[in-house]
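What follows is each chain in one-letter form.
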Amino acid sequence: MYRHRRVTLAYVTAHIAQTDPTDGAPSPAPRVDSEVGPLRTVLLHRPGAELKRLTPRNNDQLLFDGVPWVDRAQEEHDAFAEVLRGRGVEVLLLSDLLVAALHDDRARIAGIHSAVNERRLGIDLADALRSHLESIAPEQLATALMTGMTFEELPAAEGASLVRKMHHPIDFAVDPLPNLLFTRDSSVWVGDRVAITSLALPARDRETALTDLIYAYHPRFRKTGRAYGAHSAPVEGGDVLLLAPGVLAIGVGERTTPAGAESFARSALSDGLAHTVLAVPITQERATMHLDTVCTMVDRDAVVMYPAVRDNLFAFPVRSDGDGGVVVEDRAPFLEAAADAMGIAKLRVIDTGLDPVTAEREQWDDGNNTLAVGPGLVVAYERNVETNARLEDAGVEVLRISGSELGSGRGGPRCMSCPIDRAALVR
């Protein structure tokens, strides 16, 4: 049997650290300074075969509340992308970027390293799988990295394997990544830099590895600076809101820890990407997994918010002490702290729903999880009828999309999109 050289983390890191520019015309530098600046470029992931890996037996483990009808989910996602293109937004698809990046041998090494778990497979089977993945085309490798592989899909190998024999053929040797759909979480743009986040749950471990290699090796992002260099504590993009230039809010709850929020805040403050970071405690439960499940910005001075948290949502303002450290202020009501940091008198609040029952239902159905295409222009799920009506009554234009299947992973238009470039807000 061909014995592939074992790849260690140190080997991968050394190769990633190398720079070897390739030809290609540079694109204008992306920049995101707010939640509502006119959207120019966005990263989406069209749901693919990884969703077909979901079954009633594993959907909870893979963080889905149901088993989606994949063809319909793709139709809904295509319609979402077309709504954005219809408003002049450039839509980049994660799978296309991944394939392009994997033409770089260093990206292939990093991607294969992230996928092959020697502790699970053992040395011999891991070697055989690495050799197989090294031999296939970038398109096939991208599919394997996103969709995963079962034991029956592993390449044939010489000799007996206890590992193969003791696993069911449909057990995963490489886990699928159905949550790639939610591109918001694994990377966040702050100013002209991108932060590769640290996802909290095992089902999402490898997502950031793929996102990282895209930003490292796709020619379009080769010169992009990085923010948030420490990945030891969890922080997820759904918890990060760019309330205004220089003002960040970071939810702290089920997915982002206090240590993750502090690490992100220190990085943003020291890099001059923010002057104020608001750490916002939220309930640690499925319905409120991220800050953007209870509150998103819909205009320069307006948010749509779940009324059940309106009066008990607080924030700890974090600012630089001017000497390389930070000052953590006493907690204050979130809406007041946000308005103060943004330099405005008051944030307008548009409530989810019209009554407590409707509000709870529409919050669960991602009524708060809107994507701003521009000031006063948002994409929202059509099923949140009353919340959308309230938005329109407040002067916010709503672009409605279907989400009957997309919503099975508990994520709305904001969760499914990572803004890469927004125009500056004009006062």
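Residues numbered from 1 in each chain as written. Predicted model: local features only at pLDDT ≥ 70, side-chain atom pairs only at ≥ 80, totals over all residues. Heavy atoms only, no water.

- In the nomenclature of an unreviewed UniProt entry, the protein chain corresponds to Arginine deiminase from the organism Saccharothrix espanaensis.
- According to UniProt, the comment filed for the protein chain under the heading Subcellular location (unreviewed entry) is "Cytoplasm".
- The UniProt entry for the protein chain carries the following comment under Sequence similarities (unreviewed entry): "Belongs to the arginine deiminase family." (UniProt positions renumbered as here; feature names shortened; annotations may be inferred.)

**So, helix α9 (residues 207-217)**
- With 8 of its 11 residues buried, α9 lies for the most part within the structure.
- Three or more residues of α9 are buried, namely Glu 207, Thr 208, Leu 210, Thr 211, Leu 213, Ile 214, Tyr 215 and Tyr 217. (Buried < 20%, exposed > 50% of the residue type's maximum accessible area, 1.4 Å probe, protein only. Helix = DSSP H or I, 4+ residues; strand = E, 2+ residues; numbered from the N terminus.)

**Overview of the side chain of Thr 293**
- Note on placement: Thr 293 falls in the loop between β10 (276-281) and β11 (295-299).
- In terms of polar contacts, Thr 293 uses its side chain to reach the backbone carbonyl oxygen of His 290, at 2.6 Å. (Polar contact = N/O pair within 3.5 Å; in protein donor to acceptor, adjacent residues only side chain to side chain.)

**Re the nonpolar core**
- The biggest cluster of nonpolar side chains holds 63 residues, and the ones touching the most others in it are Leu 133, Leu 213, Tyr 215 and Phe 264.
- There are two domains that each give this core at least three residues, and those are domain 1 (39-94 + 178-422) and domain 2 (97-174).
- Apart from residues lying up to four places away in sequence, Tyr 215 is in contact with Leu 43, Ser 187, Trp 189, Val 194, Ile 196, Phe 221, Arg 222, Arg 226, Cys 418 and Ile 420.
- Counting residues in each nonpolar core, the second largest holds 38 residues, with Val 36, Leu 241, Leu 291 and Ala 338 among its members. (Core = buried A, V, L, I, M, F, W, Y, C linked by side-chain atoms within 4.5 Å. Domains from an automatic or database assignment. Contact = heavy atoms within 4.5 Å.)

**Things to note about the sheet that holds strand β2 (residues 90-93)**
- Read across the sheet, 3 strands follow the order β2-β1-β20 without closing on themselves; strand pairing throughout is mixed. Of all the strands in the sheet, just β2 and β20 (418-422) have a single pairing partner and so form its edges. Each adjacent strand pair in this sheet contributes to an overall mean axis angle of 20 degrees, direction not counted.
- As judged from the 4 bridges shared by strand β1 (residues 39-44) and β20, these two strands associate in the antiparallel manner. (Pairing = 2+ DSSP bridges. Axes fitted to C-alpha atoms, helices over the stretch in contact; angles between N-to-C directions.)

**So, the side chain of Thr 183**
- Among the structural elements, Thr 183 can be located in the loop between β4 (172-174) and β5 (187-190).
- Ignoring any residue separated from it by four or fewer positions in sequence, one finds Thr 183 in contact with Leu 43, Leu 44, His 45, Leu 94, Cys 415, Met 416, Ser 417 and Cys 418.

**Describing helix α3 (residues 94-101)**
- Among all positions in α3, only Leu 94, Leu 97, Leu 98, Val 99 and Ala 101 are buried.
- Buried residues along α3 sit against β1, β2, α4 (105-115), α7 (138-147) and α9.

**What about the sheet that holds strand β18 (residues 377-381)?**
- Strands sit in the order β17-β18-β19 across an open sheet of 3 strands; the sheet is mixed. Looking along the sheet, the strands with just one partner apiece sit at the ends: β17 (371-374) and β19 (397-401). When strand polarity is set aside, the average angle formed by the axes of neighbouring strands in this sheet is 30 degrees.
- Inspection of the sheet shows β18 paired to β19 by 5 bridges, in the parallel sense. The residue of β19 that forms the bridge with Val 379 is Leu 399.
- Relative to β19, helix α14 (residues 385-393) is tilted by about 155 degrees, and along the sheet it contacts β18 and β19.

**Some points on the confidence of the model for the protein chain**
- With 86% of its residues at a pLDDT of 70 or more, the protein chain has an overall mean of 86.
- Here residues 1-25 is a poorly scored stretch, pLDDT under 50, and it has 38 contacts once near neighbours within four places are set aside; other chains count. (pLDDT = per-residue confidence, 0-100.)

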